[in-house]
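Residue-level listing of the chains:
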Amino acid sequence: MPHARTETSVGTYESHSTSELEDLTEPEQRELKTKLTKLEAEIVTLRHVLAAKERRCGELKRKLGLTALVGLRQNLSKSWLDVQVSNTYVKQKTSAALSTMGTLICRKLGGVKKSATFRSFEGLIFNKYTLNQGRN
C-alpha cells in the first residue's frame, strides 16, 4: 500500500505516503489521533456556539424591527451609492451627458439651418461675398 488516505476535520482527505506513517511511533500516532479528535470536537462545539449566536442575533434584529428585507434594502442602497460615487460610474454619466448634449446641439443647429431666417441671412452673406469678389 504505497499511499494511505486520512480524513481531516473539514471532511477532505489528504494523501500520505506509508513511509510518513511508518516514521511515527505507535504512541506518537495515538497522541496525534487524540489531538485530532479533541480538535474536531472543539470545531463542532464552536459551530454550535456560532449557530446559537446567529439565532440570538436574528432575534435581536426582529425585536429592533430589522427584518431581512430591511437589511437587504439597506445593503442594496449602500451598494448603489457606492456605485454612484465610483470614478467609473461618474465618468460614464459625464460621457453620456456630454454625448446627449452634443446630439441636442447638432439637432438645434440643424433646425436653425433649415429656418427661413437663417436661409435669408445666409443669402445676404452669400450675396455680399459674391459682390465683394466681383469688385476685386
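All values derive from a computational prediction rather than experimental measurement.

Student: I'd like a description of the overall build of the protein chain, backed by residues and values.
Tutor: Counting secondary structure elements, the protein chain contains five helices and two strands. In sequence order, the protein chain lays out its α and β elements as β-β-α-α-α-α-α. Across the 136 residues in the protein chain, those meeting the buried criterion constitute 3%. Sequence-distant contacts in the protein chain: of pairs separated by 6 or more residues, those separated by 24 or more amount to 12%.

Student: Break down the environment of F118 for me, citing the residues and quoting the values.
Tutor: Mapped onto the elements, F118 comes out in helix α5 (residues 116-135). What makes F118 partly exposed here is its relative accessible area of 27%. Not counting residues within four places of it along the chain, the set of residues in contact with F118 comprises V112 and K113.

Student: Explain the pattern of salt bridges to me, using residue names and the numbers behind them.
Tutor: Evaluated as defined, the whole model comprises two salt bridges. Note that E31 and K35 form a salt bridge whose closest N and O atoms lie 3.4 Å from each other. In this pair, E31 and K35 are both assigned in helix α2 (residues 26-63), four residues apart and thus about one turn of the helix distant. A salt bridge links E59 to R56, with the nearest nitrogen and oxygen atoms 3.5 Å apart. Of this pair, E59 and R56 are both found in helix α2, three residues apart, which corresponds to roughly one turn of the helix.

Student: Could you give me a rundown of α2, with the residues and numbers involved?
Tutor: Here α2 spans 56 Å end to end across 38 residues, near enough to the 56 Å set by a 1.5 Å rise per residue. Following α2 by one or two positions, G65 adopts a phi angle in the positive range, close to 80°.

Conventions we followed
Residues numbered from 1 in each chain as written. Predicted model: local features only at pLDDT ≥ 70, side-chain atom pairs only at ≥ 80, totals over all residues. Heavy atoms only, no water. Helix = DSSP H or I, 4+ residues; strand = E, 2+ residues; numbered from the N terminus. Buried < 20%, exposed > 50% of the residue type's maximum accessible area, 1.4 Å probe, protein only. Contact = heavy atoms within 4.5 Å. Salt bridge = Lys/Arg side-chain N within 4 Å of Asp/Glu carboxyl O. Expected span 1.5 Å × (residues − 1).

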